[in-house]
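# Structural overview
Now for the letters of each chain:
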Amino acid sequence: MPLAQRSNASCHPKPKSPRTIALPVLASPSSVLAGSGGDRNAWSPGHTTIKHSRAGRWRALSLILIHVVFAIHIAQWLITGLTISPIEPSESMYTLRDGLVNAGFVFFILAIVSTLLFGRFFCGWGCHIVAVQDFCAWIMMRCGVKPKPFRSRLLMLVPVGLAIYMFAWPVIVREVMRPLLMDAQGKLPNWMGQIDPLPGVRGAFLVQDFWATFASWYVAIPFILVCAAVTVYFLGAKAFCTYGCPYGGIFGPVDLLAPGRIRVTDACEHCGHCTAVCTSNVRVHEEVRDYGMVVDPGCMKCMDCVSVCPNDALYIGLGMPAILAKVRPGAEDSAAQAKALKQARFDLTWPEEIVALGLFVILFLCYRGMLNQVPMLMAVAMGGLGAWAVLKSWRLLRDANLRVHGFILKQRGRLRPWGAAFMLATLVCVTIAGWSGYVRLTLARAQLAYQRIDTPVENVLRLDYEATSEETHRARAALELYRKGSPPGVSTAGPGGGVALFWPLTADERINIAYLHLIVGDFEMAERSLEEAVRVGHPTDSLVFQLGQIKQFRAQREASRRLTLGATEAEARKVFDDAQADITKTYQLALARHDHLFGVRAFLLGSRPPSDAAAIRTEWESALRRHPRSIEGHLAAASFLVSSHDAAAARAELDLAIAQRNPTPDQLLQAAQIAFSLPDAVRGAELAQRAADAGMKLPGPRAAAAQLLAHFGEPEKARALADRAVALAQADPQQGGRLSALLGAGHTLNGLGKPELGIPLIRQAMDLPWAGGWEQWRTGKTLIDGGMQFTQAGADAVGRQLIAEGVKLMEKGRDALPLATPIRHELAQVYVSVGKQPEALADMKLAAELAPSNWYLADQYAHLLEDSREVNEGARWHEIARQRARDAAPASH
């Protein structure tokens, strides 16, 4: 019974029997098939039945085994906690972006090479998405539904565009765009993403967090339903491969170069059985007739066509690649007619094609990242389906009759119930896309506004800091955008929240919001935002400690305000004590929620009395058993044991830390510092060298290692690493780490008593466009501190040289940021120490006037006036300070 007559048949499998398939979509003029075998033709009445594909069973077995291997891989990771990195082509992005050669990259290269030789065998026999699509198509066929392929010209370019975006774009940005578009801080425009120079290439074949780059199960299930079931039903059996697979965007063009192809012998009678069973929408019988082989790069070498050929005329063989294929002698007319028919089979006119591509791009951008969950490939499928639905809805309004998969949407100009339901569903999908696009655009604008504020957070958490009116305006504008893009009722982003229903702010967005609240002086909201970021995210120790710093700063600010108003030292101390208890409670809550915070654990255990040594050791051992391969955990334990004077146990933990795979340069530097503290200078120097080597081509790790070696009394090794860091930094003028490398090397040489070598490097660093006013000020402070240390040690000449250079840099920073009150305040203090009282008074006065609500700066200026014997003016500024303190809101906890 033809499938066309079985649309309402049961979904229960029938006993196996020869199949007869009606193919009205493949109707072909009789002239094309003249002399091709009469009743053997699949388009003629009374034709013979088409055989079942023997290859289909073997291919199904291959695809099932692929999923079995997946399950074994996951089970092995769950049991051992360490496994081979995901064997997934998308992992190649990390190789191209970060230089991490992983199993996915090797697998992708092998798949490309195999495609170059034998065509797209991998797609047909090894792709899990193809397996799911085929399974869905099989289920539909058993239910009497034959998915009709949707044919579009321009949408077939989407996989190529995705492949360029995923695999070529990072290289283009790093090697071409980065040198052209990098700003003064070494950053790229936000829409391009931040890509640093490739540090080198290293292996990353083993991972501990296997699932880190995969979606969670509650995203994976909708992903499979949308990318397989829904696309197969509405767009055809291999719709996702045709319109959404970025790997196909590479395999398709490579297939054109492959000598291995489906080819034909003279036994072919053009019966069309091969085309009838092809699920890749390839016109097999036409291509082998006209070219002697299949030239369509969409052919996935499923071998169904070879298997069902009644004359065994098709085979897989080596020969001329498709890109060099020529029309067979005598087949010119049929090839021209096939080409014309191919154009006629497309479902869209050229204007509709252009509209479809535009709709796809808009819907894809709207859907991608929706609810912080929808991954890129799922958004591709949703965008394609949405574009198809909108065009169908347009035809539903325009045409008198319209049918979709047997459902009559419109008949004789009257909209049927199914048509109304279809338009309503399309309207809902487009509305959701518009809502998602609005939220995404709003959050993107908020991110751009946030990036325009460049005051380092450590400078905001100072009593002498007050944001300028411009900074405050920018911060409030960014907060308003974050409010609009937040869920209703999320007060940390602003009163009432926004329109992002069921769309929570990410931890990174909450961190940004906390910083913006600090800028506008709302420390309580900043604290709450950061607490939420710690609660919902996967925080680092530094983030939790930063939350503690905000709480500590609020206490410091309140104590200073009370002292200005005449409170006693005891009252101020109570504010600090209350804050410390709150900070301890915060750390305990963070550790209870996030067991991986070993730095926080070390802080809390370090605050316990020595009498708890046995319990402390037991707790460390228990935590490390839960995280046996955590480098951070073993390093934190080693550092804690060093401070507890347990050198033997510290060495054991250090051994375990550096025995783990792929420690980062920062982790190796931390290990080196621990080794030096044991003390074990030989091992410390060895680990510092390993840290430098782990950085590969980056100069930063070598400069940091040089500073560490200089600090621990290894001047020759420090000098060698510093020289190498400078050479690497000079070799790449666009190097983002060039500033830190030159500064690190300069500070190392200064610390070794070689300012004649170090200062020129620091001057060179400060002349870079990366070096803004805050960096100049911070570097000047470092030089002054180093100069004072040399002066105290008796090396007056070196000390004076460093101090003089430091003052010049601080003045340069002040001139670059004339409204930055912390720079003027500290520069005034430096002027006092070097005997420049008039300059100190001038900068301190301007700092106090630039911050009209800051009582601390007013009080500091009053003291400086009193020290300069301007008692009356000092008293006036003391009163100004008290008035500002009275006007300020008290900090509540």
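Residues numbered from 1 in each chain as written. Predicted model: local features only at pLDDT ≥ 70, side-chain atom pairs only at ≥ 80, totals over all residues. Heavy atoms only, no water.

### A word on the pattern of salt bridges
Worth spelling out the cut-off: In what follows, salt bridge is the name for a side-chain nitrogen of Lys or Arg lying within 4 Å of a carboxyl oxygen of Asp or Glu. In this text, helices come from DSSP runs of H or I with a minimum length of four residues, and strands from runs of E with a minimum of two, each type numbered from the N-terminal end. For the exposure calls, accessible area comes from a 1.4 Å probe over protein chains only, and a residue counts as buried if that area is under 20% of its type's maximum, exposed if over 50%, partly exposed in between.
Under the counting rule described, the total for this entry stands at 48 salt bridges. A salt bridge links R59 to D134; the shortest N-O distance between them is 2.6 Å. Of the two residues, R59 sits in helix α1 (residues 54-80) while D134 sits in helix α5 (residues 128-142), which places them 75 residues apart along the sequence. For R59, a relative accessible area of 7% gives the class buried. What makes D134 buried here is its relative accessible area of 15%. When the shortest N-O distance is used, the salt bridge between D464 and R462 registers 2.7 Å. One connected set of salt bridges, linked through shared partners, spans E527, E531, K551, R554 and D582.

### Overview of the packing of aromatic side chains
Short version of the rule: Here the aromatic set is Phe, Tyr and Trp, taking the six-membered ring for Trp, and pairing holds for ring centres within 6.5 Å; pairs whose planes are under 30 degrees apart are stacked, those over 60 apart are edge-to-face, and all others are tilted. Two conditions define a charge located above a ring, namely a distance within 6 Å from the ring centre to NZ of Lys or CZ of Arg, and an angle within 35 degrees of the ring normal.
Per the counting criterion, the structure on display carries 29 aromatic pairs. Seen from their ring centres, F108 and F251 are 5.8 Å apart, and the 80° between their planes marks the pair as edge-to-face. Of this pair, F108 sits in helix α3 (residues 103-118) while F251 sits in helix α9 (residues 248-255), placing them 143 residues apart in sequence. Each member of the pair, F108 as well as F251, carries the same accessibility label: buried. Ring geometry for F545 versus Y587: centroids 5.5 Å apart, planes at 80°, classification edge-to-face. Remark: Y587 occurs in helix α22 (residues 569-593) and F545 occurs in helix α21 (residues 541-564); sequence separation between them is 42 residues. Chaining the aromatic ring pairs together yields one cluster made of F107, F108, F122, F167, Y247 and F251. Over the ring of W350 we find R153, and its NZ or CZ is 4.8 Å from the ring centre.

### Describing the side chain of Q133
By the secondary structure assignment, Q133 is in helix α5. On the accessibility criterion, Q133 (0% relative accessible area) is buried.

### What to know about the pairing of strand β8 (residues 407-411)
Going by this rule: Only strands joined by at least two bridges in the DSSP assignment are considered to pair.
The pairing of strand β7 (residues 402-404) with β8 spans 3 bridges and is antiparallel. Considered in β8, the bridge of L402 is made with K410. Turn length for the β7-β8 hairpin, with the two strands adjacent in sequence and antiparallel, is 2 residues, and the turn residue H405 shows positive phi of about 50°. Where β8 lies against strand β9 (residues 414-415), 2 bridges are found, and the strand directions are antiparallel. Bridging across to β9, Q411 finds its partner in R414. Connecting the antiparallel pair β8 and β9 is a turn made up of 2 residues, with R412 showing a positive phi of about 55°.

### Section: the sheet that holds β8
Where strands meet in a sheet, backbone hydrogen bonds hold them as pairs that are either parallel or antiparallel. As a reminder of what qualifies: Any pair of residues with heavy atoms lying within 4.5 Å of one another is described as a contacting pair. Lines fitted to the C-alpha atoms define the axes, with helices restricted to the stretch that makes contact. Angles between their N-to-C directions range from 0 to 180 degrees.
Ordered in space as β7-β8-β9, the 3 strands form an open sheet in which the pairing is antiparallel. Looking at strand neighbours, the two that pair on one side only are β7 and β9, the edges of this open sheet. Across the sheet, helix α15 (residues 376-398) is in contact with β7, β8 and β9; its angle to β7 comes to roughly 150°.

### Topic: a nonpolar patch on the surface
The following threshold applies: Patches here are clusters of residues that have more than 30% relative accessible area and form no salt bridge, with a 9 Å joining cutoff for like charges and a 5 Å cutoff for nonpolar side chains (Val, Leu, Ile, Met, Phe, Trp, Tyr). Computed with the Shrake-Rupley method and a 1.4 Å probe, the accessible areas treat only the protein chains shown as cover for residues.
Taken together, the side chains of I109, V113, L116, L117, F118, L257, L318, M320, I323 and L324 present a nonpolar region at the surface, about 910 Å² in accessible area. Position of I323 relative to the elements: it lies in the loop between β6 (314-318) and α13 (332-345). I323 gets classed as exposed once you look at its relative accessible area, which sits at 51%.

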